[in-house]
Amino acid sequence: MAYSEKVMDHFANPRNVGEIVDADGIGEVGNAKCGDIMKMYIKVTNGVITDVKFKTFGCGAAIATSSMATELIKDKSIDEALKLTNKAVMEALDGLPPVKVHCSVLAEQAIKAAVSDYYTKQGIDPTPIVGAIPECNHEDGSCGCDL
Amino acid sequence: MRKIYADNAATTPLAPEVLKDMMPYLTEVYGNPSSLYSIGADAKKATELARADIARAINAQPKEIFITSGGSESDNWAIKGVAKVMAKKGKKHIISSTFEHHAVLHSLDALKAEGFEITLLDVHSDGLVRPEELDQAIREDTALVTIMYANNEIGTIQPISELGAICKKHGVLFHTDAVQAMGNVPIDVQAQNIDLLSMTAHKLHGPKGCGALYIRSGIRPQILIDGGAQERGQRAGTENVAGIVGLASAVKNAVSTMEERTKRITAMRNRLIEGLSKIERSRLNGDKDKRLPGNMNMCFEGIEGEGLLLRLDLMGVCASSGSACTSGSLDPSHVLLAIGLPHEIAHGSLRISLSDQNTQEDVDYILKAVPEVVSYLRAMSPVWERIKSEEKQ
């Protein structure tokens, strides 16, 4: 399996690794049984994601997509962050091997989960804004994983 | 950067002396062994000398050695070939184990689809099948027992002599996939009652694409590859002469150096196991002693195997893992699941397989690299975070 140079760069030197102690929103997606879990922390000021960190259990692509996703939403408005698709994450990484596409789906979901948590903490129902975040469940394919 | 090749269970580098033995058959002696003129006859002679060397290594007769393209073909031929012949005698039951190589398991799947009944023996948590369970599983209509000599992932060596004796007692044919074991443990097909045995060259510093199937005299598995009369009419195709010579050369070298070499490799392997066992929440997969000399397979909780391999690769270490991500499928290694590991732990496995070309310095380097990488990945793992917080409670 061949990873692009960008994937390898983000895997070898992941950006924004860690946690935010006083995070405004925390999202966790995936499950250990499938082999990947992403946890994303965001700090929000005036509707802008001013800081973002992640922790990921998973393969090289899972770590690289987490890293790239954090870069793509940092200093962006929540609205912009919610528009980030897994395809955009993949393109920014110069592509992923077909079996790793689900990692980019997880990255997209992790952002949505963190934003949902932020809204919930603000006392706002996130569902109309963020939409439903499917559980990663390989069996029914709802994680977007094409395996 | 230092480069350490520690994935010898996947394949091994070709030994210079093997290449030297092969060279004439890749250059001047290019004749077809079936031809009558001298370069054909010379090639034929080389294949027959090679066959005798291979036979000697396992205490078989040269006429019982059939050259194939490697381990997978040997396994397919042995299993499907015997099954089809035995089916004509009304025997359509085959016994194997849950952690065989896919060349065996998928051959059995194919037979199952054709109406054969398959019993897979449990591989216990130590990575070993129990002879008494084989004894109980054999039935009147059992056509074949196929159990690997040593496992490719966790390296555990099965009690082959006992299994062979049980098969003999019941009059059932016994095949073993010895692809990993060959050259690493003494094999005697007579003493161990082995009826068919698969081997391949590239696991013992021979070339890729050449292997052999030992078939005890008197057994005639159905032919898998039809065509010319090569291999005593049992396996068609112009001989891979250089490959055959390479296989024999590799086998001969492995057998003649076995005692000293395996002692040295085992000592290195034990240092690895001892050193890496100091990592918290790590575990060795498979029995500590009944395993191949070069095999170390461990799980490290809280991390995923592909990340581990890629980081080790960045540090120059080539190793392997049974994680789902490295297998290209959803599930982690069927071998690790077979010995009872839960999915989330099986994802974090590391296999290091040493050969004679590794050094104590390599071991030192790996002993430094692996804990570093494990700590790094754990520091960014939400699973590890959870494990640690549960520990505190």
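For the structure itself, look to the data block above.
First things first, this report covers the structure right here in the doc.

What counts and how
- Residues numbered from 1 in each chain as written.
- Chains lettered and ligands numbered in written order.
- Predicted model: local features only at pLDDT ≥ 70, side-chain atom pairs only at ≥ 80, totals over all residues.
- Heavy atoms only, no water.
- Helix = DSSP H or I, 4+ residues; strand = E, 2+ residues; numbered from the N terminus.
- Buried < 20%, exposed > 50% of the residue type's maximum accessible area, 1.4 Å probe, protein only.
- Contact = heavy atoms within 4.5 Å.
- Areas by Shrake-Rupley, 256 points an atom, 1.4 Å probe, with all protein chains shown as cover.
- Rg over C-alpha atoms; globule rule 2.2 N^0.38 Å.
- Core = buried A, V, L, I, M, F, W, Y, C linked by side-chain atoms within 4.5 Å.
- Salt bridge = Lys/Arg side-chain N within 4 Å of Asp/Glu carboxyl O.
- Patch = residues over 30% accessible without salt bridge, like charges linked within 9 Å, V, L, I, M, F, W, Y side chains within 5 Å.
- 1 Å grid on protein atoms, 1.4 Å probe; cavity = no way out; pocket = protein on both sides within 12 Å on 5 of 7 lines; lining within 4 Å.
- Points joined across faces, edges and corners; volume = space filled by probe spheres on them.
- Nonpolar A, V, L, I, M, F, W, Y, C, P; charged D, E, K, R; others polar.

This brings us to the overall build of chain A. Across its full length, chain A holds 6 helices and 3 strands. Across the 147 residues that make up chain A, the buried fraction comes to 56%. Expressed as a percentage of contacts within chain A between residues at least 6 apart in sequence, the contacts between residues at least 24 apart total 60%. For chain A, the accessible area works out to roughly 6,100 Å², and carbon and sulfur atoms hold 50% of it.

This part is about the overall build of chain B. In terms of helices and strands, chain B carries 14 helices and 12 strands. Taking 393 residues into account, the globule formula puts the C-alpha radius of gyration at 21 Å, and chain B, at 22 Å, falls close to it. Summarising its shape, the C-alpha atoms of chain B cover approximately 75 × 50 × 35 Å along the three principal directions. Counting only contacts in chain B whose residues sit at least 6 apart along the sequence, the fraction spanning at least 24 positions is 73%. Accessible area of chain B: about 15,700 Å², with a carbon and sulfur share of 52%.

Below, the discussion takes up the nonpolar core. Ranked by size, the top nonpolar core spans 70 residues in total, and within it B:Leu350, B:Ile352 and B:Val370 carry the most contacts. With 11 residues, the top contributor of residues to this core is helix 5 (residues 101-121) of chain A. Contacts of B:Leu350, omitting those with residues within four sequence positions, involve B:Met296, B:Asn297, B:Met298, B:Phe300, B:Leu308, B:Leu309, B:Leu312, B:Ala319, B:Ser320 and B:Val370. Counting residues in hydrophobic clusters, the runner-up holds 62 residues, among them B:Val18, B:Met22, B:Leu163 and B:Ile339.

Turning to the pattern of salt bridges, a few remarks are in order. All names here are of chain B. Throughout the structure, instances matching the rule amount to 34 salt bridges over all chains. One salt bridge connects glutamate 48 with lysine 44, and the closest N-O pair in it is separated by 3.9 Å. Remark: lysine 44 and glutamate 48 occur in helix 2 (residues 38-57); sequence separation between them is 4 residues, near one turn of the helix. For arginine 281, the salt bridge goes to glutamate 301, with nearest N and O atoms at 3.1 Å. Placement of the pair is arginine 281 in the loop between helix 8 (258-276) and strand 9 (282-284) and glutamate 301 in the loop between strand 10 (295-300) and helix 9 (305-314), with a sequence separation of 20 residues. Judged by its relative accessible area of 34%, arginine 281 is partly exposed. Overall, glutamate 301 belongs to the buried group, its relative accessible area being 14%. Look at the salt bridges and you will find they share partners, linking Glu280, Arg281, Arg283, Glu301, Lys388 and Glu391 into a network.

Let us look at a nonpolar patch on the surface. Residues and elements named next belong to chain B. Taken together, the side chains of Leu14, Leu19, Met23 and Leu26 make up a nonpolar region of the molecular surface, amounting to roughly 330 Å² of accessible area. By secondary structure assignment, the location of methionine 23 is in helix 1 (residues 16-26). Assessed through its relative accessible area of 38%, methionine 23 is described here as partly exposed.

If a probe the size of a water molecule is rolled over the atoms, the empty space left behind becomes visible. This model, assessed by the stated rule, comprises 2 cavities of 30 Å³ or more. Of the volumes computed, that of the second largest cavity is approximately 40 Å³. Together, A:Thr56, A:Phe57, A:Gly58, A:Ile63, B:Gly302, B:Ile303, B:Glu304, B:Leu377 and B:Ser381 line the second largest cavity. Of the residues that constitute the lining of the second largest cavity, the class distribution is 4 nonpolar, 4 polar and 1 charged.

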